[in-house]
Amino acid sequence: PMTDSLRICVLANARSAHTRRWVRAYAERGHSVHLLSIRHATIPGVDVQTVAVGHVNATGMVTSFLSYLRLAISARRRLSRIEPDVVHAHYSITHGVIAAISGFKPVVLSVWGTDLAVAGPSPLGWIATLLNRFAIRRASRVTSTSEYMLPAVERLAGRPVAAVQIPFGVDVTQFRPRSGPRSEDYLVIGFMKHLKRKYGPQDLLEAVALLAPDYPDIRLVLGGDGELRASLTARARELAIDSRVGFLGRVAQADVAAAMREFDVLVNPTVVAESFGVVVLEASATGIPVVATDVGGVPEVALEGVNALLVPPGSPTKLATAIARLADDPALRARLGVAGRRFVEEEYDWTDNVNAMLDVLRSCVKEGP
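Notes on the structure in this doc start here. Counting from 1, residues in each chain are numbered in the order their sequence is written. The predicted origin of the model limits local features to residues at a pLDDT of at least 70 and limits the giving and counting of side-chain atom pairs to 80 or more, whereas totals for whole chains, interfaces and linings rest on all residues. Side-chain figures throughout are based on the complete set of non-hydrogen atoms in the structure, without hydrogens or water.

1. Focus: the overall build of the protein
What counts, and what does not: Secondary structure is summarised from DSSP: a helix means a run of H or I of at least four residues, a strand means a run of E of at least two, and numbering begins at the N terminus for each. Only protein chains enter the accessibility calculation, which uses a 1.4 Å probe. A residue is then buried if its area is under 20% of the maximum for its type, exposed if over 50%, and partly exposed in between. Residues are treated as being in contact if the distance between any of their heavy atoms lies within 4.5 Å. His residues and chain termini do not enter the charge count, which takes Lys and Arg as positive and Asp and Glu as negative. The atom standing in for a charge is NZ when the residue is Lys, CZ when it is Arg, CG when it is Asp and CD when it is Glu.
Along the protein, the regular secondary structure elements total 14 helices and 13 strands. The buried share among the 369 residues of the protein stands at 54%. Expressed as a percentage of contacts within the protein between residues at least 6 apart in sequence, the contacts between residues at least 24 apart total 67%. Taken as two groups, the 41 positive and 36 negative side-chain charges of the protein have centres that lie 9 Å from each other.

Okay, structure coming up:
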């Protein structure tokens, strides 16, 4: 007879912060957790089995492909050795496909957004479409971080799918408001993502330059690293705002909450579709207002006039207008911050999200293969 404790095998990237959060949460609740990955990380309480070709954490495309191939070929044997009650595969076109190839049941597949987004009309897009369909159709249940992605899951499957939304929420004990006001008398506009064009840090920099003449007390702090670091530094110098722009570099997940507590406003200026927007929730849990672009699944977590101001993507002018509105109105900043905290506690508490995912895993085990 099945006890409340599950034997779970997670197929996912051990180096991903998302993966580590899920498997640690399962282990902390007393479940037996095994992780099959082509990357290696040591995770307390979790049996991490790494299957790789070449250097274990090499990120080259060829070695990664060969490592996934090796995992796919050996998955059935490895799963029969682990004997899990259920497999939880993250990311459809890699681990979802590998779970499907293994023939193991039941499988819960979690899609993340970028796995679905690569499907399309190009030759590689067609391959991604077929891989997605293969993985989704063979999964016992599919979960998605946002409502926005659920129609894409059905479209790729080509038939109705047992798909549910389970958000990737926030640890509200870690992400909490600062205990008192900061001593500085300037306003900190924060960004916390990779410095990549698709996330829009270049638009945010231009927006701050537009505000600079009328708002001498505004500072911009960019958390994250990436390909735009050098060009953003050079552009800040060109715009003569380099003394107001700070770069934090890569911020470890454990340090994100503390960094956000130094912000007065969080800006999420994504240019292309984003499946969810966990950074928005982290900022709201920290009690700070958000300016976000109206793309993809972001409006599910950035609610206009509740915890955020929404603007169209790719418009530094509109970003500047929204930031100015918050700069001019401390009461609005406070109201959005308080409402944001309440919203996250009610809808996106990580503890509730883990319990919901475990309910899905349990129901699949009860239903059987």
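Back to the text.
2. Concerning the sheet that holds strand 5 (residues 107-111)
Worth spelling out the cut-off: We call two strands paired when DSSP finds no fewer than two bridges between them. To get an axis, fit a line to the C-alpha atoms, keeping to the stretch in contact for a helix; angles then go from 0 to 180 degrees between the N-to-C directions.
Here we have seven strands laid out as an open sheet, ordered 3-2-1-4-5-6-7, and parallel in their pairing. Lying at the two open borders of the sheet, with one neighbouring strand each, are strand 3 (47-50) and strand 7 (163-165). Looking at each pair of strands side by side, their axes are set apart by 20° on average, direction ignored. Across the sheet, helix 1 (residues 17-28) is in contact with strand 1 (7-11), strand 2 (32-37) and strand 4 (86-90); its angle to strand 2 comes to roughly 160°. Those strands touched by helix 3 (residues 91-102) are strand 1, strand 4 and strand 5, and its axis lies near 155° from that of strand 4.

3. Topic: a positive patch on the surface
Short version of the rule: Patch members must show over 30% relative accessible area and no salt bridge, and they are joined within 9 Å when carrying like charges or within 5 Å when they are nonpolar side chains of Val, Leu, Ile, Met, Phe, Trp or Tyr. For the area figures, the Shrake-Rupley method with a 1.4 Å probe applies, and any residue is considered shielded solely by the protein chains shown. Counted as salt bridges are all cases of a side-chain nitrogen of Lys or Arg within 4 Å of a carboxyl oxygen of Asp or Glu.
A cluster of like positive charges, contributed by K105, R137, R138 and R159, occupies part of the molecular surface. Within the secondary structure layout, R137 lies in helix 5 (residues 123-138). What makes R137 partly exposed here is its relative accessible area of 34%.

4. Things to note about helix 13 (residues 330-347)
Here is the rule: By this rule the span expected of a helix is its residue count minus one, scaled by 1.5 Å.
Between its first and last C-alpha, helix 13 extends 26 Å over 18 residues, near the 26 Å set by a 1.5 Å rise per residue. Within the sequence span of helix 13, burial applies to L332, R333, L336, G337, A339, G340, R341, F343 and V344. If you follow the buried residues of helix 13, they end up packed against strand 8 (187-192), strand 11 (265-268), helix 10 (278-285), helix 11 (298-301), strand 13 (308-311) and helix 12 (316-328).

5. Structural notes on the pattern of salt bridges
Evaluated as defined, the whole model comprises nine salt bridges. Across the pair K193 and E274 runs a salt bridge, and its minimum N-O distance is 2.7 Å. Of this pair, K193 sits in the loop between strand 8 and helix 7 (201-211) while E274 sits in the loop between strand 11 and helix 10, and the two are 81 residues apart along the sequence. Accessibility classification places K193 together with E274 in one group, the buried group. Taken together, the shared-partner salt bridges connect D4, D359 and R362 into one network.

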